[in-house]
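# Chains, contacts and geometry: an overview
Chain residues, written in single-letter form:
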Amino acid sequence: MNNVLGTFEGIPYTSGEAILELSYLIAALFFVYGLKLLSHPETARRGNFFAAGGMILGMTTTLLLHQNAEGQGIALTNVWIILTAIATGSVIGWVLARKIKMTAMPQLVSFFNATGGAASMLVALLEFPNADMDNPASVLVTLLGLVIGAIAFSGSLIAYGKLDGKIGDIRAPFLKYVNLLLLFLTVGLMAYLLVPGGTPETSAWIIYLLLALALLYGVLFVMPIGGADMPVVISLLNSLTGIAAAMAGFIYDNQAMVLGGILVGAAGTILTVLMCKAMNRSLLNVIVGAFGGGGAAASGGEGAEPKEATLSDAAILLSYSRNVVIVPGYGLAVAQAQHACHELDALLAAKGVNVRYAIHPVAGRMPGHMNVLLAEADVPYSQLVEMDTINPDMPNTDVVVIIGANDVVNPAAITDPGSPIAGMPIIRAFEAKNILVMKRGRGKGYAGIENELFTNDKTRMLYGNAKETLQKLIGEVKSL
Amino acid sequence: MEQLLQYFFLYKEEIFIIALSVFLGIEVIAHVPSVLHTPLMSGANAISGVIIIGGIILTGHADTTRISMELILGILAVIFGTLNVAGGFVVTDRMLEMFKKKKQGGHHE
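As the structure is a prediction and not an experimental result, all values here were calculated from the model.

### Considerations on the environment of Ile270 of chain A
You can see Ile270 of chain A is positioned in helix α9 (residues 255-279). Residue Ile270 of chain A is classed as partly exposed on the basis of its C-beta count, with 19 C-beta atoms lying within 10 Å. The spacing of Ile270 of chain A and Ser239 of chain A is 31 residues in sequence and 9.1 Å in space, taken between C-alpha atoms. Once residues within four sequence positions are removed from consideration, Ile270 of chain A is found in contact with Ile26, Ile29 and Ala30 of chain B.

Right, here's the structure in full:
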């Protein structure tokens, strides 16, 4: 492995180095192919294996064949240290991934994203002393790896805390300006470091200041973002981690890292754009956080009270319907009512009712949240229908059952141009013949937007915890 | 302008890789159905754990005769990177397993 094959730009290289580069090429191809397979339902699981295989290949060959500038490989002591670290990370990761409840999935994805950002941040921080200060490109990739990694790390941790209910939203108008200032300072410091002339020693304090600013920015930028905007933020943070890894890839001139990182960055960006589209909002609007204001004045007025239904009325209504559509929202996840929900749909199906689920792209707290949740309860894939497919069927639907969803069925998105959610594509529940709403309390939805669907003449409310309500409803349906 | 052209020329390979990877990333997942949004995101998340290679290189060439900040942070980077990789791929597989299970079953009791 150590025989010199030839020289490249005056530097001799060995067959080991050539094999290492070849393995990176194969790993990169595995990433691309894996991602490709991951985007089709039949091949997704195989795609995940391919991507994982690429990763294991890259890790193994690096450990065995990597040489530093002096041509030394990784010493045995270091190999053992690294293997121990890998074993530790794998065991913790495996246990978390296997044992955590499916309903905690958004938190878990955020947590893993935070660890990726932290790794990029640490690698860039440690590599800064080796950067060529007179080469702005070399400094730039190191700084970007550090700053983006740090933002992804602290931002994802806050997202984790919020999704887990440990951290509440903090909304203050001045936060917008604080964030802008932090961003300016960060960019300014980076520009300052890019000017040739400094040394890594004299710039050390600036690097730590930069790290602190980036970490703080990550915290403050996710802090004010409300629950309904979480899918956008999670995909954005995911994309940032990819970009940070790609930047670190440039430090090592490692194409597998660059390609893998950029792929994730691009994929995350697409998801972010999709989520923004599903809410008819711009990314800037989500980050700056315009929700909560404006709409308050537009609604109000009518003051009609929502009408309640009894459980037996609801049971009779559902049992004697032909077409029922269930609209799940975050409330279903919070109440962990997915199994009860499936029990109800199976019970109704046995009575000859055609039951389907209408899935809004931003229902829940992460992209695809409702699909994962209902899949856990064994709801067949064919019963989950996307918004655009189910909307034309709404006028022929006898009962639409809304479980813990609010904004995604709010007709104000269509009828009220002054509403904060104006223009957002919604599930047209108001067109159904009857509307049943399961809601935890009598309060308004996210950011206090009035929902006139609840006061619609066709609507009946079932207040209470979704799981308990569903269980009682199942009892009523059975006793009919 | 001249300086920009100079940079482009010096880093043309890197710029080519970025441009083509972005295009590839968009093409590969452009038409992903919403059922797969979560698994795709978490699978991509695991791929971003490729930073682990940087951690291995760092720790691999760190001085182990004494305990230095470089060594400690390097080890931390490897642990964090592996958490991201292992956790990400395992959790993605767990989700996809659920999707699969139903596909074969088709009907329910």
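### Observations regarding the packing of helix α4 (residues 105-127) of chain A against helix α4 (residues 52-60) of chain B
Closest axis-to-axis distance for the α4 of chain A/α4 of chain B pair is 9 Å, and the angle between their directions is 40°. As summarised for this structure, α4 of chain A and α4 of chain B are arranged oblique, according to the angle between their axes. Here the hand of the crossing between α4 of chain A and α4 of chain B comes out left-handed. Within the contact between the two elements, α4 of chain A uses Ala119, Val123 and Leu126 of chain A and α4 of chain B uses Ile52, Gly54, Gly55 and Leu58 of chain B. Among the residues forming the contact of α4 of chain A with α4 of chain B, the class breakdown is five nonpolar, two polar and no charged.

### Here's the deal with the pairing of strand β2 (residues 11-14) of chain A
Residue and element names in this part refer to chain A. Sheet topology note: the strand β1 (residues 4-8)/β2 ladder contains four bridges and is antiparallel. In the sheet register, Thr7 faces β2, and the bridge partner there is Pro12. Adjacent in sequence and paired antiparallel, β1 and β2 are bridged by two residues, among which Glu9 carries a positive phi angle near 50°.

### What about the domain arrangement of chain A?
Residues and elements named next belong to chain A. For chain A, the assigned domains are domain 1 (1-95), domain 2 (104-291) and domain 3 (307-479). Relative to domain 2, the C-alpha centre of domain 1 lies at a distance of 25 Å. If one sorts the elements of the side of domain 1 that touches domain 2 by residue count, helix α1 (residues 15-38) sits on top with six residues. Looking at side-chain class alone, the side of domain 1 that touches domain 2 contains six nonpolar, one polar and no charged residues.

### Quick look at the pairing of strand β4 (residues 354-359) of chain A
Residues and elements named next belong to chain A. With four bridges joining them, strand β3 (residues 323-328) and β4 adopt parallel strand pairing. When the bridges of β4 are listed, Val324 appears paired with Val355. Here β4 pairs with strand β5 (residues 384-386) via three bridges, running parallel. Of the residues in β5, the one forming a bridge with Tyr357 is Leu384. Tracing the backbone out of β4, into helix α15 (residues 369-376) and back to the parallel element β5 gives a crossover that is right-handed.

### Remarks on the nonpolar core
Of all hydrophobic cores here, the largest spans 188 residues; its most connected members are Phe31, Leu35, Leu263, Val327, Ile402 and Ile403 of chain A. Setting aside chain neighbours within four positions, we find Ile402 of chain A in contact with Val327, Val409, Ala429, Ile435, Leu436, Val437 and Met438 of chain A.

### Some words on the environment of Val324 of chain A
Residues and elements named next belong to chain A. As for its placement among the helices and strands, Val324 is situated in strand β3. For the pair Val324 and Trp205, spaced 119 residues apart in the sequence, the C-alpha separation amounts to 63 Å. With sequence-adjacent residues up to four places away left out, Val324 is seen in contact with Leu318, Leu348, Val353, Asn354, Val355, Asp398, Val399 and Val401.

What counts, and at which threshold
- For every chain, the first residue of its written sequence is number 1, and the numbers climb from 1 along that sequence.
- To label them, take the chains in the order written and letter them from A, then take the ligands in the order written and number them from 1.
- Local features in this predicted model are restricted to residues of pLDDT 70 or higher, and side-chain atom pairs are both shown and tallied only at a pLDDT of 80 or more, whereas totals for entire chains, interfaces and linings draw on every residue.
- Runs of H or I in DSSP of at least four residues are treated as helices and runs of E of at least two as strands, each being numbered from the N terminus.
- Counting other C-beta atoms within 10 Å of each residue's C-beta, where C-beta atoms are placed from the backbone, gives the exposure class: buried for 20 or more, exposed for 12 or fewer, partly exposed between.
- In this description, a residue-residue contact is defined by the distance between C-beta atoms placed from the backbone, which must lie within 7 Å.
- Note on definitions: angles span 0 to 180 degrees between N-to-C directions of axes, and those axes are lines fitted to C-alpha atoms, for helices only across the stretch in contact.
- Each angle receives one of four descriptions, namely roughly parallel if under 35 degrees, roughly antiparallel if over 145, roughly perpendicular if within 65 to 115, and oblique otherwise.
- We call a crossing left-handed when the near helix sits turned anticlockwise from the far one by less than a right angle, and right-handed when that turn is clockwise.
- For this classification, the nonpolar set comprises Ala, Val, Leu, Ile, Met, Phe, Trp, Tyr, Cys and Pro, the charged set comprises Asp, Glu, Lys and Arg, and every other residue, Gly included, is treated as polar.
- A pair of strands is labelled paired if DSSP reports no fewer than 2 bridges between them.
- For the purposes of this description, domain bounds are those given by an automatic or database domain assignment.
- Assignment of crossover handedness uses the view with strands pointing away from the viewer, where a clockwise path from the first strand over the helix to the second indicates a right-handed crossover.
- Definition of nonpolar core: a set of buried Ala, Val, Leu, Ile, Met, Phe, Trp, Tyr and Cys residues joined via C-beta atoms within 7 Å.

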